[in-house]
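Per-entry structural report
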Amino acid sequence: MSSLSYAAPTSVNEAVGILAGAQGLAKIMSGGTDLLVQLRSGRTKPDIIVDTKKIPGIMGIKEVDGGFVIGAATPCSVIGEHAGMNAAYPGVVEASGLIGSTQVQGRCSLAGNLCNASPAADSVPAMIAARATAIVVGPGGQRAVPVEQIVTGPGRTSLAKGEFILEFHLPKPAPRSSDAYLRFIPRTEMDIAVVGAGVSLTLDASGVITDARVALGAVAPTQVLVPEGAKALIGSKLDDAALAKLDAAARAVCNPISDKRGTIDFRIKIAGVLARRAAAIAYKRAGG
Amino acid sequence: MTYLNKADLKVVGTRPIRPDGVDKVTGRAVFGADQALPGMLVGKLLRSPHAHAKIVSIDTSKALALKGVKAVVTSADFPDIASEEAFVGEGPMNFRDLSRNVMARGKVLYHGHAVAAVAATTSEIADAALALIDVKYDVLPFVIDVEEAMKPGAPVLHNDLFTQGATPQPTEPSNVAKRVQFALGDVDAAFKTADVIVEGRYTTEPVHQAYIEPHACVVSVGADGQAIIYSSSQGHFMVRAYCAKLLGMELSDIRAMPSEIGGGFGGKTLVYLEPVAMALSKHSGRPVKMVMTREDVFRATGPTSGGVIEVKLGARKDGTIVAAEAILKFQAGAFPGSPVQPGCMTCFAMYDLKDVRIIGYDVVSNRPKVAAYRAPGAPISTFGTESAMDELARKLGMDPIELRLKNAAKDGTKAAYGPTLQNIGYIPTLEAAKAHPHYSAPLGPNQGRGVASGFWFNIGGESSGSVHVNEDGSVSIVTGSPDIGGSRASMAMMCAEVLGIPVDKVRPVVGDTATIGFTHLTGGSRVTFATGMAVTQAAEKVRDELKVRAAKIWDIPPDAVDWKDGMAVPAGANAGGFEPLSLADIAIKAAKTGGPIISEVSVNAQGAGPGYATHICDIEVDPETGHTTVLRYTAIQDVGRAIHPSYVEGQIQGGAAQGIGWALNEEYIYNAKGELDNPGFLDYRVPVASDMPMIEAVMIEVPNPRHPFGAKGVGEVPIVPPLAAVANAVRSATGMRMADLPISPPKLRAAFDAR
Amino acid sequence: MSKIHVTTTINGEPAEFLTEPQMSLLDILRDEMHLTGSKEGCGSGDCGACSVIMDGRVVCSCLVLGVEAEGKDITTIEGIATGEDLHPVQRKFLEHAALQCGFCTPGLIVATKALLDRNPDPTETEARYWLAGNLCRCTGYDKIIRAVMDAAAEMRGA
């Protein structure tokens, strides 16, 4: 007989109450595509699993004032099928669409991808570049946290005991803006990102970049913003000089490890390559 | 008799639906882990956390005391077997090594080596019991790399291992188990006559067979010592033989039942779980089921060797190769037995060479014991020799196919490994490659084209098949060959052809060890050849008996009856004016004409025709990321005679895909602690659907006269050329010779940077 | 904690079972419901051999808890054919010899059905990417993709 218990609360308050009262290790489950792997391998041995999917609002996408509210546990396949998201945030859509296989897409979520706190999580650089905000709920109520402030290190987040993410907010996109995400993997599918790069750009009527955000994944203990890269792009029409500066800035922020998926040297170089290529895609999408 | 005239064939060469097909597309087929017996326990293994350590003690008392635990076994529960070489699987096997691989005795030799096992009423209790087993280790230095393992002073795995074949015979133990040599002529003198010499050093990493079905078995041993084994393997007679030896039982005390097998590629030609489950079942008195996790599969089964291949070729300006040499160093894993010998024998077998020398070393290190993998040894050694051939063609300014044609083995060529080759179809594969539109199609920027060839012996050996005419005229076939990729279809087709009946009147099954005569395992590309020969002969005996029965019904001499289109007919006008008797007509009257009509034939088939293939591969590289994409792939192979062409194409396509994976992304990655760092499908990167182009399989038919239908083995040779074909294509696209596999993106990008 | 009672629908039939919290839907299907057509190749969502359709979406049943099946509609390989009539995808896999050992086949057929339910006219590239999570080690995928494309054409009436 197992000592593990399972709860599927149907309200935020109930969930917060269960988490507050939990003895031992409580694991929050959205799609479960990371959690079940860790359970099975024995890497995590929780005392309770709290399945959030029955909490109202945590599944589904709403358009609010031109922006988007994405339920934290919404399967990524649902995001991929959302016309509004595809038009406004193609980079977020393509990033979330890269998590796992078709089978995993039907289950995996932005909250799970974020809170699993892997430096290689695909959706996170794109969400950071898009200035996404996480709505965190817990015993202390509700707070809005920029996505880049959630992960603090491999497997670690800034969420306090009893807290979980209810939804993500994406702002109304500015006119002539768009985003893109690219990752590098050895195969064409089914791998963990060796490097990921998300870029969000806004252009003026003449095609000059007026705003930019660049974020990288899998090149440091957490996803990292590349402010110098953004600075290099702003004011340019994405000419070769701007791209070279972006490449250099991207490489400069990298602090990767060598492991079975790539070497330090390779990751640093690829970070520059992908930042450039993602910027070019975002620029074109934004109408440049 | 033989049926070599293709125009006469009605069934062989067509593409019927395979007889086990519906079961496989509806989920009804029973694979290893699908079997269940009442009262079954769950068996699990405790595995070594160290790469190399002495086992000081194992205390199982706490585990045994746990409620729900019914048995715990260690090596003390198995007989300590003396060293004895046997040939039961796909290569030589030492029973003592096999026993110690199944359950470590005295020492653990790799991370993941089994040290103890439990049987419990539930999976959770079994896990808890494993955690209660207290093993004390004395950790030893370890060695992973093959050349490191060969160095003096390297940690020695086996104190009683002295290099065989070395002169003088060493007096100190080492990790070099064996040195082998094959040679023709005087190589050293011949190199002096060469106008051009190329030399290269090539390496490959160990790769796993990566069948999708993990090893699984259910074993039940009765109080009378009679055992039944349900398991997924490439040979249930092999399972029976190994279990009997490892447990000290008689063969007749064990009945081994073949389940459907979810891929093997050589990796299921030995036992891992069955002897352990048998010991647990003996101790507990209950059936025991054991199923590996994917991590177990990667850590403790397979893989094939990684190797170092040093090649030297000397040629005249006109392209004639005057001398060839290769030195191969293969990792065997924890026990001797790498496929270095077949690696040596195959690597130059495509060429007619008068002066050639191949030397091989079989080297142990702290990795899992290697198992056969599709054409064992040949892809590794041929990667070196066919990469070197590409370099030679470049140095000579010759087309690589022309160079191969100039030196190609043909009927009458004396191979370096001994025999004089006959009825081979290598040159036709080269000519077909040269004429194929693929070979002259234009290439774009960053694209390249590579060509490589390969050879595999193919084997025959012992097989049994029986053919039963049922009372209604339908026909049943039993063979002893596990069907790993559609062989039941081929058996039914050959039988139907002989009997002149539609193939859907013939139902083939795989019989267990008690219901059909001894049959060597499914491996060596032998089933269609050897088991097909047994089935064909059994069908012929049945056909002869049907004529005898018809003669009885007509009351004429048997030689006055002919068999035509599934019917007995009078042999001529003088035989009498009888209406033809169908097989069913005769079957219905069998009781009155002499009883059931059946035949079982056992053969030791000889004369398997060697297989040759030539592959053309187009790739595109991304110089900034080092990523390689395979754009187009054509695989041309002499198949003898394609019995079921779709499944022959399937073998060619599947072998090519595995070779592409080997070339580009598959590898065993070890960390500093000597642990395998990628024991899962996430980071052991087999090709996925989106990685692959269509693979055009071109079948050349040079029939093998030693088989009734002309068949040659087809399953293994297609994995031999792709490694070099891919590397030669990368060379063509980039100008860089990637001599170390896999050509993974970090490696290729680093090569670009170093240029 | 005691076992949890789950009421669900499997292959169109009401079903119920008792599960411990850590048990996967695959464990339940294979060990409790005796539906062994869904296979375990990895247990980590990397091979797709355990694919089932849950509320219209293909998922790895090894990555779903048994308890999550409550109120869901689940289709396994055993529910793809209608009585003796094979689904076109099953038939095309046979006609094209799109299987060798057959172990990955149930997952591939379930995933292909889910693809064609959603996208009746996929390109070859779309089919390859949709099925990238279904590993096959035997075929090199060639005949599988041909079977998928041919099944799609037949189902469209093309």
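Because the structure is predicted, anything quoted here is derived from the model rather than measured.

Helix and strand counts for chain C stand at five helices and five strands. Over its C-alpha atoms chain C spans a radius of gyration of 16 Å, differing by no more than 12% from the 15 Å that the globule rule assigns to 158 residues. C-alpha atoms of chain C, sized along the principal axes, occupy 50 × 30 × 25 Å. Within chain C, the fraction of its 158 residues that count as buried is 66%.

When you go through chain B residue by residue, the secondary structure sums to 21 helices and 28 strands. Taking 27 Å as the expected radius of gyration for a compact globule of 755 residues, we find that chain B reaches 27 Å, a close match to that expectation. Looking at chain B as a whole, 62% of its 755 residues are labelled buried. Excluding contacts between residues fewer than 6 apart, the proportion of contacts in chain B whose partners are at least 24 apart in sequence is 80%.

Residues and elements named next belong to chain B. Reading across from one edge, β18-β26-β27-β28 is the order of the four strands in this open sheet, with mixed pairing throughout. Unpaired on one side and paired on the other, β18 (447-456) and β28 (695-700) mark the two borders of the sheet. Sheet twist, expressed as the mean angle between neighbouring strand axes with direction ignored, is 20°. With 10 bridges joining them, strand β26 (residues 611-622) and strand β27 (residues 627-638) adopt antiparallel strand pairing. Residue pairing in the sheet places glutamate 620 in a bridge with threonine 629 of β27.

Across the boundary between the two partners, chain A contributes 17 residues, which contact 17 residues of chain B. Top element by residues in the side of chain A that touches chain B is helix α11 (residues 264-285) of chain A. It accounts for four residues. Here the residues of the side of chain A that touches chain B sort into seven nonpolar, four polar and six charged.

Residue and element names in this part refer to chain B. Here helix α7 (residues 236-247) is 12 residues long and its end C-alpha atoms lie 16 Å apart, about the 16 Å a rise of 1.5 Å per residue gives. Counting buried positions over the 12 residues of α7 gives 11, a clear majority of the element. All of the buried residues in α7 are His236, Phe237, Met238, Val239, Arg240, Ala241, Tyr242, Cys243, Lys245, Leu246 and Leu247. Those residues of α7 hidden inside the fold are in contact with α3 (95-102), β12 (227-231), β13 (254-258) and α8 (274-284). One or two positions beyond α7, positive phi appears at glycine 248, with a value near 70°.

Residues and elements named next belong to chain B. Spatially, the five strands line up as an open sheet ordered β9-β17-β16-β15-β10, and their pairing is mixed. Edge strands, defined here as strands with exactly one partner in the open sheet, are β9 (176-184) and β10 (196-204). Here the average twist between neighbouring strands, direction ignored, is 10°. One ladder, built from nine bridges, connects strand β16 (residues 321-333) with strand β17 (residues 356-364); its direction is parallel. Across the sheet, alanine 326 pairs through a bridge with isoleucine 358, a residue of β17. Packing of helix α11 (residues 378-396) onto the sheet brings it into contact with β10, β15 (307-315) and β16, and relative to β10 it is tilted by some 145°.

Before going further, it helps to spend a moment on the interface of chain C and chain B. Counting residues at the interface gives 43 residues for chain C, matched by 40 residues for chain B. Counting residues per element, the ones that place at least two in the side of chain C that touches chain B are α2 (88-95), α3 (105-118), α4 (124-130) and α5 (142-156) of chain C. Broken down by element, the side of chain C that touches chain B gets its largest block of residues, four residues, from α2 of chain C. For the side of chain C that touches chain B, a count of residues per class yields 22 nonpolar, 12 polar and nine charged.

It is worth spelling out the environment of threonine 202 of chain A at this point. Residues and elements named next belong to chain A. As for its placement among the helices and strands, threonine 202 is situated in strand β12 (residues 195-203). A count of 20 C-beta atoms within 10 Å places threonine 202 in the buried class. Put simply, threonine 202 and alanine 282 are 80 residues apart on the chain and 9.0 Å apart in space, counted from C-alpha to C-alpha. The residues contacting threonine 202, other than those within four sequence positions of it, are Ala174, Arg176, Ser177, Thr210, Asp211 and Ala286.

Attention shifts here to the nonpolar core. Nonpolar side chains in soluble globular proteins tend to be buried together. Within the largest apolar cluster, 410 residues are counted, with the highest numbers of intra-cluster contacts made by Val195, Leu216, Ala275 and Ala279 of chain A together with Val276, Cys495 and Val726 of chain B. It is helix α16 (residues 527-554) of chain B that contributes the most residues to this core, 12 residues altogether. Beyond its immediate sequence surroundings of up to four residues, alanine 275 of chain A is in contact with Ala197, Val199, Val214, Leu216, Val226, Gly229, Leu246, Asp247 and Ala250 of chain A.

This part is about unusual backbone geometry. At the junction of threonine 167 of chain B and proline 168 of chain B, the peptide bond is cis and its omega measures out at -5° in the coordinates. Within the secondary structure, proline 168 of chain B sits in the loop between α5 (146-150) and β9. Following leucine 741 of chain B, the chain continues to proline 742 of chain B via a peptide bond in cis, the omega torsion being -5°. The topology assignment puts proline 742 of chain B in the loop between α20 (722-734) and α21 (745-754). With a phi close to 70°, methionine 190 of chain A is a non-glycine residue in the positive phi region.

Time to look at the confidence of the model for chain C. When pLDDT is averaged along chain C, the result is 97; 99% of the residues meet or exceed 70. Under the prediction, the complex receives an ipTM of 0.98, its pTM being 0.98.

Cut-offs and rules
Along each chain, residue indices are assigned from 1 in the same order as the chain's sequence is written. Each chain takes a letter, starting from A, and each ligand takes a number, starting from 1, following the order in which they are written. In keeping with the model being predicted, local features are shown solely for residues with a pLDDT of at least 70 and side-chain atom pairs are shown and tallied solely at 80 or more, while totals for entire chains, interfaces and linings include all residues. Numbering goes from the N terminus for both helices and strands, where a helix is a DSSP run of H or I of at least four residues and a strand is a run of E of at least two. We compute the radius of gyration from the C-alpha atoms alone; for a globule the expected value is 2.2 Å times N to the 0.38, where N is the number of residues. Here a residue counts as buried when 20 or more other C-beta atoms fall within 10 Å of its C-beta, as exposed when 12 or fewer do, and as partly exposed in between; the C-beta atoms come from the backbone. Residues are scored as being in contact if the C-beta atoms we place from backbone atoms lie within 7 Å. Here, any two strands with at least 2 DSSP bridges between them count as paired. Throughout, an axis means a line fitted to C-alpha atoms (over the contacting stretch in the case of helices), and angles, computed between N-to-C directions, take values from 0 to 180 degrees. Under the grouping applied here, Gly and all other residues not named as nonpolar or charged are polar, the nonpolar ones being Ala, Val, Leu, Ile, Met, Phe, Trp, Tyr, Cys and Pro and the charged ones Asp, Glu, Lys and Arg. A helix is expected to reach a length of 1.5 Å times the quantity of its residues less one. One nonpolar core equals one set of buried Ala, Val, Leu, Ile, Met, Phe, Trp, Tyr and Cys residues connected by C-beta atoms within 7 Å. Every residue carries a pLDDT, the predictor's confidence in it, which falls somewhere between 0 and 100.

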